[in-house]
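Listed below, chain by chain, are the residues.
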Amino acid sequence: MFVLNLNFRAILKELGISYHQLNFTKPGLHESRGTKANNSETLKKGYPNLLSHPVFGNMTSGQLLDFAMKPEHVATASNFATTSSYFSHYVTPEGMAYLSDLMFKGDFEEFINPESYIEFLKNSKLILGKYVRPPGGLSEIPRALSKRIVSLGGNIFTNSPVKRLIGKRGHYFLITPMMKARAKKLVIALTGSQIQKVTGNVAERIKQTAQLKSIKPIPVFRAAAVYGTPWWKKATIAGTPVVKGRMFSSYTNCVGHGIVYW
């Protein structure tokens, strides 16, 4: 995992966590529909219907994305149920498939709100090429935070899900299966689906806030693969070696997007 937002750099420094700049090796490598390429335009050979299109056939991947992101098109995003239907409408289903293989296929295949995804793409452009990573990964952040809390005299309770959240006489009361806690101030870090499991007058008030309702769900999953030998050190795609820092994408054998670092 990489730290994308520049604000995270300040957080890492505040917590005393070292990090290094993550530089990508050019060019990136791709495979889709049996076509292997070290550039996005060669990959288009796997999309004959897109190549023969009178408007989109001569567009680069960047131009195709820019066309889909025209202000007048973005203004209609609320009319579409998914990211896939939005892009299919403006750059054809074949153009959508091409962009999804170059970007992140799951973003187009899952039931993702197009307005939220467009906002994500706009923000991504602002941080492009500014990736950093702690040596031990992002898990170093919660570990450092927990140590800071304990050092300041705080307590951390795990496996204690809050079932009820109420407000009374200027205090908040959090009820768990095993205990009850009282607090004057409360910081809530829950998703919309998680807060739905909590009852109480404060919880019900939170559920009705515009801020919570604006959070759109994005499906995620975790996967891991373990190999006996580092085969990628000898691998090549379209004659280009897979070296440290080089990104590659392939969906034929469910590899997805990856970056090599060892």
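About the cut-offs
Residues numbered from 1 in each chain as written. Predicted model: local features only at pLDDT ≥ 70, side-chain atom pairs only at ≥ 80, totals over all residues. Heavy atoms only, no water. Helix = DSSP H or I, 4+ residues; strand = E, 2+ residues; numbered from the N terminus. Buried < 20%, exposed > 50% of the residue type's maximum accessible area, 1.4 Å probe, protein only. Polar contact = N/O pair within 3.5 Å; in protein donor to acceptor, adjacent residues only side chain to side chain. Contact = heavy atoms within 4.5 Å. Arc of directions from axis to C-beta. Pairing = 2+ DSSP bridges. Axes fitted to C-alpha atoms, helices over the stretch in contact; angles between N-to-C directions. Core = buried A, V, L, I, M, F, W, Y, C linked by side-chain atoms within 4.5 Å. Salt bridge = Lys/Arg side-chain N within 4 Å of Asp/Glu carboxyl O.

## A closer look at the side chain of S32
Part 1 of the reasoning: Structurally, the position occupied by S32 is in strand 2 (residues 29–32).
Part 2 of the reasoning: A residue is classified by how much of its surface remains accessible, and S32, at 4% relative accessible area, is buried.
Part 3 of the reasoning: For S32, the side chain forms a polar contact with the side chain of D101, separated by 2.4 Å.
Part 4 of the reasoning: Contact partners of S32, with chain neighbours within four places excluded, come to L43, Y47 and D101.

## Let's talk about unusual backbone geometry
Part 1 of the reasoning: A cis geometry characterises the amide bond from K26 onward to P27, with omega recorded as 0°.
Part 2 of the reasoning: Following the sequence through the fold, P27 ends up in the loop between strand 1 (20–21) and strand 2.
Part 3 of the reasoning: The phi dihedral of T92 is positive, around 70°, even though this residue is not glycine.
Part 4 of the reasoning: You can see T92 is positioned in helix 6 (residues 83–102).
Part 5 of the reasoning: We note that N159 has phi near 55°; this positive angle belongs to a residue other than glycine.
Part 6 of the reasoning: Counting through the fold element by element, N159 comes out in the loop between helix 9 (140–151) and strand 5 (164–168).

## A closer look at helix 4 (residues 61–68)
For an α-helix the count is 3.6 residues per turn, leaving residues at separations of three or four pointing the same way.
Part 1 of the reasoning: Among all positions in helix 4, only S61, L64, L65, F67 and A68 are buried. Projection of helix 4 onto a plane perpendicular to its axis shows the buried side chains occupying an angular sector of 155°, all on one side.

## Section: the sheet that holds strand 2
Part 1 of the reasoning: Within the open sheet, the 4 strands sit side by side as 3-2-10-11. Their pairing is mixed. In this open sheet, the two strands that pair with only one neighbour each are strand 3 (35–37) and strand 11 (256–259). Direction aside, the axes of adjacent strands within the sheet are offset by 10° on average.
Part 2 of the reasoning: Looking at chain direction, strand 10 (residues 247–250) and strand 11 are connected through 4 bridges and run antiparallel. Note that in strand 11 the partner of S249 across the bridge is H257.

## Focus on the nonpolar core
Part 1 of the reasoning: With 29 residues, the main nonpolar core has L64, Y86, F87, V91 and L99 as its most contacted residues.
Part 2 of the reasoning: For this core, the secondary-structure elements that each account for two or more residues are helix 4, helix 6 and helix 8 (114–127).
Part 3 of the reasoning: Of all the elements, helix 6 adds the most residues to this core, at 9 residues.
Part 4 of the reasoning: Discounting chain neighbours no more than four positions away, the residues touching Y86 are A68, M69, H73, V74, T76, A77, F80, P114 and I118.

## Concerning the pattern of salt bridges
Pairs can form between side chains of opposite charge whenever their charged atoms are close.
Part 1 of the reasoning: Applying the stated criterion across every chain yields a total of 4 salt bridges.
Part 2 of the reasoning: Residue R33 pairs with E94 through a salt bridge whose shortest N-O separation is 2.9 Å. A residue pair is termed long-range when its members are at least 10 positions apart, and R33 in the loop between strand 2 and strand 3 and E94 in helix 6 qualify at 61 residues.
Part 3 of the reasoning: Judged by relative accessible area, which is 45%, R33 ranks as partly exposed.
Part 4 of the reasoning: Overall, the relative accessible area of 13% leaves E94 in the buried class.
Part 5 of the reasoning: Across the salt bridge formed by K207 and E204, the nearest N and O atoms sit 2.9 Å from each other. Of this pair, K207 and E204 are both found in helix 11 (residues 201–207), 3 residues apart, which corresponds to roughly one turn of the helix.
Part 6 of the reasoning: Given a relative accessible area of 8%, K207 falls into the buried group.

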